[in-house]
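# Structural characterization, general
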Amino acid sequence: MPSTTTNTTAGTSPAPMGRRERKKAATRQAIADAALHLFLERGYDAVGIREIADAADVSTTTLFKHFPVKEALVFDEDADQEARLLAAVRERPEGRSIPAALREHALTTRLASADDDATFTAFTNLVAGTPALRDYAQNMWLRHTTALAQAIAEESGLAAGDPACTALAHFALEAPRAAYAHDDPRQAINRAFDLLEHGWNAFSRTKE
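Residues numbered from 1 in each chain as written. Predicted model: local features only at pLDDT ≥ 70, side-chain atom pairs only at ≥ 80, totals over all residues. Heavy atoms only, no water.

## Concerning the packing of helix α5 (residues 98-109) against helix α9 (residues 163-179)
- Closest axis-to-axis distance for the α5/α9 pair is 10 Å, and the angle between their directions is 25°. Compared by their axis directions, α5 and α9 come out roughly parallel. When the axes of α5 and α9 are compared, the crossing they make is right-handed. Counted together, Ile98, Pro99, Leu102 and Ala106 of α5 and Leu168, Ala172 and Pro176 of α9 form the full contact between these two elements. (Axes fitted to C-alpha atoms, helices over the stretch in contact; angles between N-to-C directions. Helix = DSSP H or I, 4+ residues; strand = E, 2+ residues; numbered from the N terminus. Parallel < 35°, antiparallel > 145°, perpendicular 65-115°, else oblique. Left-handed = near helix turned anticlockwise from the far one by under 90°. Contact = heavy atoms within 4.5 Å.)

## A few points about the nonpolar core
- Counting 54 residues, the largest nonpolar core has Phe39, Ile52, Leu73, Leu102, Leu148 and Ile152 as the members making the most contacts within it.
- It is α9 that provides the largest number of residues to this core, a total of 8 residues.
- Sequence-distant contacts of Leu102, defined by excluding residues within four places in its chain, comprise Leu85, Val89, Leu148, Ile152, Leu168, Ala172 and Phe193. (Core = buried A, V, L, I, M, F, W, Y, C linked by side-chain atoms within 4.5 Å. Buried < 20%, exposed > 50% of the residue type's maximum accessible area, 1.4 Å probe, protein only.)

## Considerations on unusual backbone geometry
- Phi is positive for Asp57, close to 60°, though the residue is something other than glycine.
- Within the secondary structure, Asp57 is located in the loop between α2 (49-56) and α3 (60-66).
- A relative accessible area of 69% places Asp57 in the exposed class.

## Some thoughts on α9
- Relative to the 24 Å expected for 17 residues at 1.5 Å per residue, α9 spans 24 Å between its end C-alpha atoms, a close match to the ideal helical length.
- When the local axis directions of α9 are compared, the greatest deviation, roughly 25°, occurs at Leu173, which is followed within four positions by the proline Pro176.
- Turning to α9, its buried residues are Ala164, Cys165, Leu168, Ala169, Ala172, Leu173, Glu174, Ala175, Pro176 and Ala179.
- Where α9 starts, the residue carrying a side-chain oxygen 2.8 Å from the main-chain nitrogen of Ala164 turns out to be Asp162. (Expected span 1.5 Å × (residues − 1). Bend = angle between axes of the 7 residues up to and from the residue. Polar contact = N/O pair within 3.5 Å; in protein donor to acceptor, adjacent residues only side chain to side chain.)

## A few points about the pattern of salt bridges
- Within the structure shown, the criterion is met by 7 salt bridges.
- Through salt bridges with shared partners, one network takes in Arg103, Asp194 and Glu197. (Salt bridge = Lys/Arg side-chain N within 4 Å of Asp/Glu carboxyl O.)

Structure (structure tokens):
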């Protein structure tokens, strides 16, 4: 998956990989790159698994070791996406609310804009225009609900498992999918987050 943000979070650096791990990572990246190139060129449904394996110069068995289903070929940075999602909350500027930080994350990572590079724009259009990819992407994002809810609780001084934190996490991750059907997805996301921010601020005041 193309990214417009860095893959590291503040205060951390990736541990060096051994030769075997580097080779596996390179193979995985080659497969993902080949798949995305073919999908963007011809459309997701028109490309077969064997074609992708041939383009990456690997066997289909090797491909499935790295990507168990076809949809996963498009989303090869799931762990990195969660790290960036949590960083959006934990490393937000002073004075920025949690819903505002999640709004900015949704607008910059799940929608294309005029400032984005052509590959990222093509990628987001591919996902938005392919029902199987839209559903897979949403399920992928919702897998991060628990981790996001925990980060929200920690940043808000609330108990782990507080249902308000879980609700904010869930609806913040759900909002972009709801926006895809609108003529102006950016405006739809902003309206959804206006509601979330209003509700969160009202809830926060009851805890003061």
